[in-house]
Every structure is written in C-alpha cells, then in structure tokens.
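# Architecture at a glance
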Amino acid sequence: MNISNIMKRRFLRAALCFGLLGIVPVVYAQSVLPLVEQTLSNPDNEPVPVHPVPHSRQLKWQETEFYAFFHYGMNTYTNREWGYGNEDRATFAPTAAPNPRQWLEVAKAAGMRGGIAVVKHHDGFCLWPTATTEHNVTNSGNDYGRQTNIPRDFAEAARDLGMKYGFYISPWDRNSALYGTERYVKEVFLRQCAEIAQYGTDQFEMWFDGANGGDGYYGGEEGRRSIDRATYYDVPNLRDTVHRVCPDCVLWGVGGEARWIGNEAGWAGQTNWSTENRDYVPEKNGMYGTEDGWFWLPGESDAKATNRGWFWHEGESPLSPERLFQMYLETIGRNSTLILNIPPNQAGVLPDASVEALTKMGELVQQRLSTDLAAKAAVTADHVRTRGAARHYEPINMTDGDKDTYWATNDGETTATITLSWDSPQTVRYVELMEYIAKGQRVRKFRIEALSENDTWIPCATQVETTTIGYKRIVPLNGSTAASYDEGLQVKAMRIVIEDSKACPLISRVAVY
Amino acid sequence: MKMKRQRIYTVLLTLISFAGVASAQNIQFEGKDFQGIGVYDTWEESPFRTGKLKGNYAVVDNPERDSVNNSYRVLAIQRSRYGSNTFGVRIDLREPFELTPTEKYIHLLVRRPYSGRIMVVGLGKRTDRNAQSADTEQFWAMTTENVPGDVWQRVSLAIKGAGGIEIHSLVVVPDCESPHHYTEDAICYVDGVVVSDSPLNTASASSVASLPALSSECLVSNTNRNGEVTLPDGSQLMSYEHPAGKPLRVKVRPEVGFTHDGMIVHYGYGEERKQVHIPARKVNRKGLCIIPARYMNGVVELEGLFVEVR
C-alpha cells in the first residue's frame, strides 16, 4: 500500500468521524444553500411528535404516579419545621430503631408505587454516616441514632417491596460554615449527592427543595447568607453528574426536570400542561404549565396527609381518607404526580392513625378506580388513523391494557368522537383518559356525554374544565372531587368528544368506573 | 475587484464597531472565525443524533443585505421538520469562553421564514472535570416573545452560570417551535454572533428583541416559596413591564405559618447588576411596600424573604 493510499484512507476516516459528529472542520463558502430533500421512512404511519416530548426518564417517573414523602430527621425531635442548624446532635435520639420498611409498607397499602425519604433538611443534619460533616447520625444521642442509616435501609426496603425510591437532600444547609461560598457546592453538596447515589443507582427522583439562603447557624457565624439561585448550585452540571450515576433519576425542583405544582395543598390546575418555559416562569405558574413551553417539565404535587407540618408533631392527626382521595383526583387525575407526606414519629415509624387513614385511602382508590367498565364495552371512533405495516390505531388500543398502543386519527384531524356502548345500562361515576405522551401532549379541549335510557346524549361534568388530558385525566362525572362517589349515572353508552388538539390526538387509555 | 474591496471594508467596519465591547467571541462568517459548524438537537431521540439524518448547513452569501445586516457572508441551515423545537445550527468556537455568575450577553442576527421564538444553547464543561464531555448543555437562552420572520432580526440574550464552566459551542435554534405541522423544510440564516459583557449591541441601532430598552422600562418578576410578592391588587409579577426610574408599589404575602423579613431586590444589568435588602420595617402592616425608583432599572427580581413563624 503506497503512502498516497494511506493518506487517502486517513482522510476518509477523519471525514467519516466528523460526519458522524455532524461537524465539519472546514467550511467551503458557497453562494446559496440548496434544500436537500430529506425523508424518514415511516412504514407504520406513526404520527410525528409534537415537541417538546418527555425524556425516557421522565416517562418512567410519570408512570410512578403516586408516591410517599417521609419527612424525618432532627426536626422530629425539636418540634420544628425548619431547624436553624445549631441543634445539639444528641437531640436526635430515636426511641426505637427507625423503620423505613414500615413506612414503605404503608405506602404500598395506600396504592403508592414508591417513596422519597428526607435524608438532610435545611438544618443540615445528615441521616447517614457522611464524610462531609460531623453534623450527622454518627454523633447522635443514642445507639438507635448512631446506627441509623436511612438511605441504606430505605433503598433496601424499597427493592424488597418492589417500589421505587429516591431522596430529598436540602441544597440549603443552615449548619454548614461553607454555605454561600463556592466551596460548599463542591465540597459538601455535590459530595453528599454522590454519597447518596452509592446506596443505589436505580433512584427515580432526587428532591431538591427551592428554599434557598436566609438566616442560619452557619458554623457559628450565624447571620444571613444569600445566594443566586440561578447559578449557585450549578444545576446543569449537577444534573450531568447525577445522570451519569443514576440515569433514570429525575431531578425535581431546583434540578429542573419536574416542576413544583405551585401549591402544597394537593391540587393541580384542571388545565395542566406538562410543557413549560423552564427558567422563565415563576413557580406560582406550576399548577397550569404553559401550552407552548419549550421544555417538558411535568408537575408534581407535594401535599401533607396530616393536619400539622411536614415533620411529625405531637397531637397531629391524619386527614380523612375521603379528603386524601379528593387530592388523588385533583392531582393524579389532573396530569400531575402526587407525593403525599406521611411523617414518621420519634420512634421512627408511622403512627397508627396515619397507617389507618392511608390504608383506607388505598381501599377507596381500589374500590372506586379499579373495575374498568370500558373493558367490556364496544369501543368505536368516528376517525381512525390509517394503519401501517405493523401497527394499527384502532379504538381497541385504548382498552387493551397496553400503554404502548394508542388510538389516533389521521394527520390534520384534530376533532373526533370516541363512543363506548354496553349491552345493558351501567352505573358509572368516573372517566379516565390518558394521552400517549411519548409523542407530546396534544389535547386542548374535550367533553364527555352519556346516553340516557331515553336515548338522548346528556353532557356530564359540565362544571369541570375538560381541557387538557396529558398523562392522565380522571373526571368525576358528578363534577365534584370532594364528593365524587355518589349513586352514579345509569348509562347505555358514553362518548368522549375531542374538540381541539394541537395535532392528531393519541389516546392510549380510556377507562370508565 | 470592487466587490472584494467593499467586502474588506465591511469586515473592517464591523471590527471597528465592536472595538469598544469587551467581547469574548465575535463570529461574522466573513472569514474562518469559528472552529467548525454542524447541527445539534437537545432531543436525544432526534434523527440527527441517532444518525438517520445529516444536517445541511454552509456559509453562503447573505440572501438579502439590508440596513440590519449588510454583511456578505452568513451561516445557513436547513431547518428540518424532523428536528425538534430545539434543533439548530452548532458553531464550535475557536476559543472557549467562561460562563460566569455575572451576566454576559449573546447578540446575533437571525433571518428565517417563520415568526417565533429563538434560542441559543451553550455546550461546554466544567474546567475541573477532565472526563466531562464538552457537549454538556450549560444554558438555554430564549427570546421571551415572538421574533418576526422574513427579515433580518437582531436578538440579544442574557446568559450566566456558575463559575468554572467553559463554553465550547453555541447552538443557534432559529425556530424554537414544534415543527409537527410543517410539510417541508426551510432555510434559516444566522450571522454576527457576538458574546459580550454589555447588553447593548453596538453593532446595530436596531431594537433588542428580548431585553427591555435600557432607558424606558424594566422587567419585574418574583420567584419565591412560602409566599409571594405581587402588585397591590394581587396581580402576579411575571415579566411585568414597569417604567424605569419610577417607584413600584408591591404587596408582600407570606403563606400561612410564615412571616417575612423584607425582601431582596435584584436590579440592573450584567456587571452593573446589584442587590439590596429592603428590611421588614419598610413593609407596612397590610404588607404594602414601595420599591424606590433608584432600584427600578434593568431586570428587577423581587425575592421575598419568607421565614417560618416561630
């Protein structure tokens, strides 16, 4: 082989490399750029995405739907919500070994699919042996405390129970002398995140609270420290670091992959887009999202299942199962996830009253939203997308239980009617709809109608804003989320009329309960 | 020959125009003032990332020289309908610049057939992480309003980040909208990419698309938890436009269980950006407070200091 050929091969190899990267090192000027005809083969006639679309980790996260929040730590023993950071470490003295397994068993009984444990709140006290600070369990007040390792035990229990798990690590640290300096992020916060990642790379969410800066102990200096929230935590590189270790871990809040729903009262907007202009809108818009937001930033509702704080307080009691079910309808039923807080007590377990309320709430969900009448209905649609070589878009895709199949219309058809009919009248109370969001959120407006015994179509839930659907929408047919389970409607058929959509609607599930 | 002289004159004029700006980057596409170009899509399943499609781009003649952009050579990209809303042309820089906590500004010219938003994505890495990819997305700066199509438009965007980050590439997204209804591709043009410490683009007298005019009005917003700062009637302060140099009356509204310790007012532009603490005693019992006129300039952010009631 002569030198000329070798050089030619090297050149071709280099050109190939640059071509794969989409980069050319030298650009030869030309007078115009001609359009190059580009097409992608589409043998299955799949609809094109409506952007933005979710990342695969966001899809997995959304499917978790309902999960628990466990606020446990120094505040459990000080009757505080925000510890100042100067708490005596000996104050952390559990009266029994903290039992994360019990926490998750209760969550599972409530129908939850995972949980997030607070392992460091703003007071800076770490619930695992950490090399980053002395302010941790190894210096606590008794043997139960010194042997505590919440991330280890929580992750193990979650795996045993087949549940997802994640952790809350407060970025704001009122104990650290370094907080507010550049060193804090590198030497404390990021190292703590890395330590937590060692307890499991299959975490589904890290919860980064938006509370930042203010007064605190700060290693004894005390006073107020302020930071620039937009830059201080170096979020792009925090995300990059976490995703290298935990590829399916969504970073909530400060992390910018799931948004705060904008309130802590357990409700999302009836109109709720998962799209948002990341970095451009205030958190108070969290309930609704932004229809033309440039980024997929789905909402998560954080709410308390008890009547006091996020942490356990003497004398607290749980909300009623009916109230918790209302939250379920107003969050999960409105295209949000629900992270419901159940605080462990000073023995490190969930109190009996909370266990009972959550278990009953789970029973309500099971009783009211598990017998799907659509499964035995005849389902039709007035528009159906032309089938592809190996894929069809028939209405049956909405009731086949397969989340990866969906009914669709042809491109340009943004209105359609889905009809469900039964051989005999049915008693119905809820309609559940799910969009196939992997290709973007689309539906802007729909309505639900029921066919009465005298063969007239009656509008249902007229006081409900039947606008967006998103990942999941549950509409109580009597229009009330507070008292949704009544005698129900007697219907021979139902229809869902999609009145407006960004593009052809893609519905992966319709259920009637 | 005449054309060549004119081209040299234009380049010199451009350089002179930017002489007063502390500029980290100045890419005019008249010569080889960049390392490489390509396409980039933040959507990980983009056919341009999976290798199913290749980008179409080149430095070409300016399709329409006008008073906003009279340069001869510009960067052209085929806006593919198969790319996402963040598909754009990638410009690899000859020298990286540092992303800093102090705002810098990207000024550029864009011409495309669409009206809509424009975005610039910064790709880079931390200097203290050797193994990190220089393609890590570091910022996404977008115009806050639609930029008209079919004519050259000047766009300015503010960027900032934690220190210690080098930006190696800029991705200009000329059409930050979903292309799902497009039936064909189109050619978009980019020119005059300048990274500067100044919000003012001295290269052109035309209006700035995404920053408020410095002398006339300021943009007010608030981002808080456990409470909010609103207008006295409860209206949200979300990109609220207010005359610069005029005091603003606001209401501080802690949530139940919280009180306030006044607020921090961030104001001004870039290196001139400052912050001041308005103490709680300046807020009356009804939560009303006046932000003094001297703080009402540039981008104003009101950060309520909400603390738990003890």
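A quick note: this is a predicted structure, and the numbers were derived from the prediction, not measured.

Our focus in this paragraph is the sheet that holds strand E18 (residues 443–451) of chain A. All names here are of chain A. Pairing is antiparallel in the open sheet, where 5 strands are placed in the order E14-E16-E21-E18-E19. Whereas interior strands pair on both sides, the edge strands pair on one side only; in this sheet they are strand E14 (378–381) and strand E19 (457–459). Pairwise comparison of adjacent strand axes, ignoring direction, gives a mean angle of 25° for this sheet. In terms of strand pairing, E18 meets E19 through 3 bridges, oriented antiparallel. Opposite Leu451, over in E19, you have Trp457 as the bridge partner.

All names here are of chain B. The strand order across the open sheet built from 3 strands is E13-E15-E18, with neighbouring strands paired in antiparallel fashion. Unpaired on one side and paired on the other, strand E13 (227–230) and strand E18 (288–291) mark the two borders of the sheet. Taken pair by pair, the neighbouring strands of this sheet meet at an average axis angle of 30°, ignoring direction. Here E13 pairs with strand E15 (residues 248–254) via 4 bridges, running antiparallel.

Residue and element names in this part refer to chain A. When its domains are assigned, chain A resolves into domain 1 (56–368) and domain 2 (373–512). Tallying the contact residues gives 16 residues for domain 1 and 18 residues for domain 2. Of the residues forming the side of domain 1 that touches domain 2, the biggest block, 3 residues, is contributed by helix H8 (residues 321–331). In the side of domain 1 that touches domain 2, the residues fall into 4 nonpolar, 9 polar and 3 charged.

So, on to the interface of chain A and chain B. With 46 residues of chain A at the contact, the number on the chain B side is 57 residues. For the side of chain A that touches chain B, the secondary-structure elements that each account for two or more residues are helix H1 (3–21), strand E1 (23–24) and helix H7 (235–245) of chain A. Its residues assigned to classes, the side of chain A that touches chain B shows 27 nonpolar, 12 polar and 7 charged.

Once that is clear, we can look at the environment of Val512 of chain A. Residue and element names in this part refer to chain A. Position of Val512 relative to the elements: it lies in strand E22 (residues 506–512). The spacing of Val512 and Thr371 is 141 residues in sequence and 8.1 Å in space, taken between C-alpha atoms. Among all residues touching Val512, those that are not within four sequence positions of it are Asp372, Leu373, Ala374, Leu420, Val428, Val431 and Met494.

Calculation rules
- Residues numbered from 1 in each chain as written.
- Chains lettered and ligands numbered in written order.
- Predicted model: local features only at pLDDT ≥ 70, side-chain atom pairs only at ≥ 80, totals over all residues.
- Pairing = 2+ DSSP bridges.
- Helix = DSSP H or I, 4+ residues; strand = E, 2+ residues; numbered from the N terminus.
- Axes fitted to C-alpha atoms, helices over the stretch in contact; angles between N-to-C directions.
- Domains from an automatic or database assignment.
- Contact = placed C-beta atoms within 7 Å.
- Nonpolar A, V, L, I, M, F, W, Y, C, P; charged D, E, K, R; others polar.

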